[in-house]
Amino acid sequence: MTGPAATPKIRMRGVRKAFGSKQVLDGVDLDVGAGSSMVILGGSGSGKSVTIKCILGLVTPDAGEIEVDGVNVLKLGRRDREALGDRIGMLFQNGALFDSLPVWENVCFKLLAQNRITRAKARDRAAEVLAQVGLAASVGELSPAELSGGMQKRVALARAIAAQPDIIFFDEPTTGLDPIMGAVIDGLIVDCVKKLGATAVSITHDMASARRIGDEAAMIYKGRMVWTGPAATLGHSGNAMVDQFANGEREGPIQMELRR
Amino acid sequence: MDLVLNPLAALGRGVLGGCRTAGNVALFALEALSHLFRPPFYGRLFLRAFVEIAYFSLPVVALTAVFTGMVLVLQSYTGFARFNATGAVANLVVLSITRELGPVLAGLMVAGRISASFAAEIGTMRVTDQIDALTTLSTNPMKYLVAPRLLAGAVAMPLLVVVADILGVMGGWLIATLKLGFVSSGYLKATFDFLQFDDVISGLVKASVFGFVVALMGTWCGYNSKGGAQGVGGATTTAVVTSSILILALDYVLTEMFFAQ
Ligand SMILES: Nc1ncnc2c1ncn2[C@@H]1O[C@H](COP(=O)(O)OP(=O)(O)O)[C@@H](O)[C@H]1O
Ligand SMILES: [Mg+2]
């Protein structure tokens, strides 16, 4: 058994992806150690979501390698890929809750899909998971459309952790929430990840959130990871680009592209 | 030279694009069908789609059929009266309805309702990442969203058309007896004596194909929609237009196949 330093949980090398003529990822390299929490920073449209979707297998890269536990996932067959997917949780940027199903069925969707639970038991299990994210069991009977933005994020978080994954992705978990609710969600994420002992990768462009959630941070710019380092140093990392981004300065090496 | 070649090039591109799309739709259908034979099976979702098609389309299809039968009697009476052949009205009505108008008109009505609703629902799921979410939740979206709907379309449409056939004939009978002075028993006898099993069956086969096509175009357009609310709107329109045209085109093809026998 090699140590976590030798075999990262997730390892990306030279991952490239273009949509049409637009090169979104242009050689992404990333290492995420087992049990650590990585935060990916970057401007809107810089390819953060695409990076995670590549690891999840929702987007197929044009080139490069993606390894999970040392296995190249791009070469896996359908069954192995599905088996890997069973161990991964994902919180989507806009929640992506199923509005045709009540909250409890959303939360237990993966457990039901994997036949790890019967429908009769699912309501109780959903209530337990909802309690973990600070929601009452009665919320389970509601439809996602009846919930406020903050509650939807909590339900999406509950759905992402319900099947006890060992890798979890969070795509902008606090975007669109007020600062207090953002801090609450961050706290829940840290608690849940710790309880599961999972490896976490989060996308954010909120610095306070990045420092709260992350052990490590990486910054993506023009399709590459331009910096990786401890999340605690954000804002005084010594890298001009990261510091400009973290401190929200208009002048600096990063030029906002208003139009491509 | 360019003036000659450009339209040709555009035509060529159009044909190639059309062929590619047709191929993609066929692959999509085959993949979805293959899921019908591999567990897990989503009976609950099949039932939901089935009820949506068979039960909730009933009022529209019933009204269409009744009025069509009523009009058909008046029109054919006008025509046949010129040859002193009004006795053939009942035969013409029952044949037109079972072989042709029942499946086609019900198909067009269902195309408007069902392919639009499938395209809008699945399209919204696509642009809000719900389809990607299914994949991350250990569920194959083709199996979960597409396969049950295709099956429901192929199974529900024939049932709907049986109802349409009966109501269409009843509508004709109503006008024939009340307005045109036919004797009720004579009209009905002429209707059923003349009707053959094959007439009904060919109509039901058509119905099943149309139901499948409607569900296929709805799910395909929704599944491949992109670009937010506008994209979903476009997908819905395309689904209704293509499924309606395909129904009319396939109607000819199927009729010719049955005709040849
Ligand atoms: N499926 C897709 N088809 C075409 N373009 C896409 C697709 N997904 C993402 N993009 C483009 O890739 C770029 C990066 O997107 P994304 O990763 O979502 O950005 P963000 O960093 O804000 O999460 C955007 O310009 C987006 O338009
Ligand atoms: Mg994003």
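Quick note: structure is the one above.
The structure displayed is predicted, hence computed values, not measured ones.

> Explain the overall build of chain B to me, and be specific about the residues and the numbers.
The helix and strand inventory of chain B stands at 9 helices and 0 strands. Ordered by position from N to C terminus, the α and β elements of chain B give α-α-α-α-α-α-α-α-α. C-alpha extents for chain B along the principal axes are approximately 65 × 60 × 35 Å. For chain B, buried positions account for 43% of its 261 residues. Counting contacts in chain B only where the partners sit at least 6 residues apart, residues at least 24 apart contribute 84% of the total. In the form shown here, chain B has an accessible surface area of approximately 12900 Å², with 73% of it arising from carbon and sulfur atoms. Of the charged side chains in chain B, 15 are positive and 13 negative, and the gap between their average positions amounts to 4 Å.

> Explain helix H9 (residues 240–247) of chain A residue by residue, including any values.
All names here are of chain A. Taken as a whole, H9 has its buried residues at Val242, Asp243, Gln244, Phe245 and Ala246. Where the residues of H9 are buried, they touch strand S3 (37–41), helix H8 (207–213), strand S9 (216–221) and strand S10 (224–230). N-cap assignment for H9: the residue whose side-chain oxygen lies 2.8 Å from the backbone N of Met241 is Asn239. Of the residues trailing H9, Gly248 is marked for its positive phi of about 65 degrees.

> Help me get a handle on the interface of chain B and chain A, residues and values and all.
Reports of interface size often rely on the accessible area that becomes lost once the parts have come together. On the side of chain A, 21 residues touch chain B, which itself brings 16 residues to the contact. Across the chain B-chain A interface, the total number found is 2 salt bridges. The element that contributes the greatest number of residues to the side of chain B that touches chain A is helix H5 (residues 130–136) of chain B, accounting for 6 residues. Taken together, the residues of the side of chain B that touches chain A sort by class into 5 nonpolar, 6 polar and 5 charged.

> Tell me what's going on with the packing of aromatic side chains, and back it up with residues and numbers.
Two measures describe an aromatic ring pair: the distance that separates the ring centres and the angle between the ring planes. For the structure on display, the rule yields 8 aromatic pairs over all chains. With a centroid separation of 5.2 Å and 80 degrees between ring planes, the pair formed by Tyr55 of chain B and Phe56 of chain B is classed as edge-to-face. Of the residues examined, Tyr55 of chain B reaches a relative accessible area of 55% and is grouped as exposed. Relative accessible area serves as the criterion here: at 45%, Phe56 of chain B is assigned to the partly exposed category. A connected cluster of aromatic rings, assembled from ring pairs, spans Phe98 and Phe109 of chain A together with Tyr42 and Tyr144 of chain B. The residue whose ring lies beneath Lys17 of chain A is Phe19 of chain A, and the NZ or CZ to ring-centre distance is 5.4 Å.

> Tell me what's going on with the coordination of the magnesium ion (ligand 2), and back it up with residues and numbers.
Residue and element names in this part refer to chain A. For the magnesium ion (ligand 2), every protein donor is listed as Ser49 (OG) and Gln93 (OE1), and the spread of their distances is 2.0 to 2.4 Å. Of this pair, Ser49 sits in helix H1 (residues 48–56) while Gln93 sits in the loop between strand S6 (88–91) and helix H3 (103–107); the two residues are 44 residues apart in sequence, bridging distant segments of the chain. For Gln93, a relative accessible area of 26% gives the class partly exposed.

> Run through the site of ligand 1, naming residues and quoting values.
All names here are of chain A. All residues in the neighbourhood of ligand 1 are listed as Phe19, Lys22, Val24, Gly43, Ser44, Gly45, Ser46, Gly47, Lys48, Ser49 and Val50. Gly47 places a polar main-chain atom, nitrogen or oxygen, 3.0 Å from an oxygen atom of ligand 1. A distance of 2.8 Å separates an oxygen atom of ligand 1 from a polar backbone atom of Lys48. Here ligand 1 has 560 Å² of accessible area as a free molecule, and 61% of this is covered by the chains. Going through the elements one at a time, strand S2 (22–32) and H1 are the ones with two or more residues in the shell around ligand 1.

So, how was this worked out
Residues numbered from 1 in each chain as written. Chains lettered and ligands numbered in written order. Predicted model: local features only at pLDDT ≥ 70, side-chain atom pairs only at ≥ 80, totals over all residues. Heavy atoms only, no water. Helix = DSSP H or I, 4+ residues; strand = E, 2+ residues; numbered from the N terminus. Buried < 20%, exposed > 50% of the residue type's maximum accessible area, 1.4 Å probe, protein only. Contact = heavy atoms within 4.5 Å. Areas by Shrake-Rupley, 256 points an atom, 1.4 Å probe, with all protein chains shown as cover. Lys, Arg positive; Asp, Glu negative; His and termini not counted. Charge placed at Lys NZ, Arg CZ, Asp CG, Glu CD. Polar contact = N/O pair within 3.5 Å; in protein donor to acceptor, adjacent residues only side chain to side chain. Salt bridge = Lys/Arg side-chain N within 4 Å of Asp/Glu carboxyl O. Nonpolar A, V, L, I, M, F, W, Y, C, P; charged D, E, K, R; others polar. Phe/Tyr/Trp six-rings, centres within 6.5 Å; stacked < 30°, edge-to-face > 60°. Lys NZ or Arg CZ within 6 Å of the ring centre and 35° of its normal. Donors = N, O, S within 2.8 Å, 3.2 Å for Na, K, Ca; no water. Near = heavy atom within 4 Å.

By themselves these figures say nothing about function.
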